[in-house]
Amino acid sequence: MNVILLGPPGAGKGTQAKLLQELCSILQLSTGDMLRAEVAAGSVLGKRAKEVMDAGQLVSDDVLIGMISNRIDQPDCVNGFILDGFPRTTPQAEALDQMLDVKGLKIDHVIELSVDDEAMIKRITGRYTCSKCGAGYHDEFQTPSVDGICDKCGGNKFSRREDDNETTVRSRLRAYHEQTAPIIAYYRDNDSLDIVDGMADIEQVAKQLAEIVV
Ligand code: ADP
Ligand code: ADP
Ligand code: ZN
């Protein structure tokens, strides 16, 4: 099964993709994580992408399309995948359809997490992750059960993304409305689009998603 999760920064795509990954034994493919790995590795691509990401703008379509096409070909994607952060533009959505066609694959569910923009500022500025296992947390909405210790791996080091500040989030929200939101209409016209209330609690959102995919 192949799933696309859509929604602005902070909508809960990463949080829900990790839960769906467990539930359905399919792989989360986060293009943001892939780009951050390139930045951390200091690759040519990473060096070019960093500036764009720090400004809260979108990295070029050709880079993203090539990246996803190669990733989907890896053996760990055989059971399926959850696209988290891709596609983000109409050309990416069209290229995805074409590449899946060639590979003999298809998208089974496109799910939009519907949220209020203003609430996303608080979600993003309070977001942090475990440096060891990547588990996601929030200062207020998703704290570890023991203060300072990761629930998943017991790690005690956490990190915040450089681009998770209010200024950058505002430009990312603008980029979402200008460049990404139009693809919702694309999927409404071409496929069956499901809309989930992303303002509900994490568990409630997970429940709504499970009802759609299972
Ligand atoms: P995205 O991947 O869409 O940018 P995340 O899944 O990283 O969003 O969520 C952003 C932040 O908000 C994280 O710190 C996460 O813990 C928190 N969060 C996610 N879903 C919810 C929710 N339904 N209610 C409250 N906080 C949430
Ligand atoms: P969030 O879910 O919080 O918006 P991501 O981790 O998905 O953030 O993405 C971080 C940054 O990586 C984006 O602001 C953008 O610069 C870049 N990026 C990620 N995915 C794409 C994509 N599909 N197309 C263009 N740029 C992307
Ligand atoms: Zn951890």
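Presented here is an overview of the structure given in this document. (Residues numbered from 1 in each chain as written. Chains lettered and ligands numbered in written order. Predicted model: local features only at pLDDT ≥ 70, side-chain atom pairs only at ≥ 80, totals over all residues. Heavy atoms only, no water.)

1. Some points on the nonpolar core
Using the following cut-off: For the purposes of this section, nonpolar cores are sets of buried Ala, Val, Leu, Ile, Met, Phe, Trp, Tyr and Cys residues that join through side-chain atoms within 4.5 Å. Only protein chains enter the accessibility calculation, which uses a 1.4 Å probe. A residue is then buried if its area is under 20% of the maximum for its type, exposed if over 50%, and partly exposed in between. The way it works is that DSSP assigns letters per residue, a run of H or I at least four long becomes a helix, a run of E at least two long becomes a strand, and they are numbered from the N terminus. Every residue pair with non-hydrogen atoms within 4.5 Å of one another is taken to be in contact.
Core analysis: the largest hydrophobic core is formed by 29 residues, its most contacted members being L83, L96 and Y187. Counting only elements with at least two residues in this core, the list comes to strand 1 (3-6), helix 2 (31-41), helix 3 (44-54), helix 4 (61-72), strand 3 (81-84), helix 5 (90-103) and helix 8 (182-190). If one sorts the elements of this core by residue count, helix 4 sits on top with five residues. The contact partners of Y187, leaving out residues within four places of it in the chain, are I4, L6, P87, A93, L96, V110, S192 and L193. Residues L5, A17, L20 and V196 belong to the second largest nonpolar core, which totals 19 residues.

2. Focus on the pairing of strand 5 (residues 127-130)
Two faces, one strand: in a regular strand the side chains alternate between the faces of the sheet. The line we're drawing: One requirement defines pairing of two strands: DSSP has to find at least two bridges between them.
In terms of strand pairing, strand 5 meets strand 6 (residues 136-138) through three bridges, oriented antiparallel. Its bridge partner being in strand 6, T129 is matched across the sheet by G136. Taken together, strand 5 and the strand that follows it, strand 6, pair antiparallel across an intervening segment of five residues, in which G134 is found at a positive phi of about 80 degrees. As paired strands, strand 5 and strand 7 (residues 158-159) are joined by two bridges and run antiparallel to one another. The residue of strand 7 that forms the bridge with T129 is S159.

3. Some details on the site of ligand 1
We apply this condition: We call a residue near a given molecule or strand whenever any one of its heavy atoms falls within 4 Å of it. Identification of polar contacts relies on pairs of N or O atoms within 3.5 Å, with a donor-acceptor requirement for protein atoms, meaning one able to donate a hydrogen and the other able to accept it, and with residues adjacent in sequence counted only if both atoms are side-chain atoms. Under the convention used here, a 1.4 Å probe and the Shrake-Rupley method define accessible areas, while residue burial counts only the protein chains that appear. Throughout, the ten residues Ala, Val, Leu, Ile, Met, Phe, Trp, Tyr, Cys and Pro are labelled nonpolar, Asp, Glu, Lys and Arg are labelled charged, and all others, Gly among them, are labelled polar.
In the neighbourhood of ligand 1, 18 residues make up the surrounding shell, with K13, T15, R127, Y137 and Q142 lying closest. A distance of 2.5 Å separates an oxygen atom of ligand 1 from a polar atom in the side chain of T15. Between an oxygen atom of ligand 1 and a main-chain N or O atom of Y137, the distance comes to 2.7 Å. Surface burial for ligand 1 is 90%, taken as the share of its 560 Å² of free accessible area covered by protein chains. For the shell around ligand 1, the secondary structure elements donating two or more residues are helix 1 (13-24) and strand 6. No other element matches helix 1, which puts three residues into the shell around ligand 1. Taken together, the residues of the shell around ligand 1 sort by class into seven nonpolar, seven polar and four charged.

What is shown is where atoms sit, not what they do.
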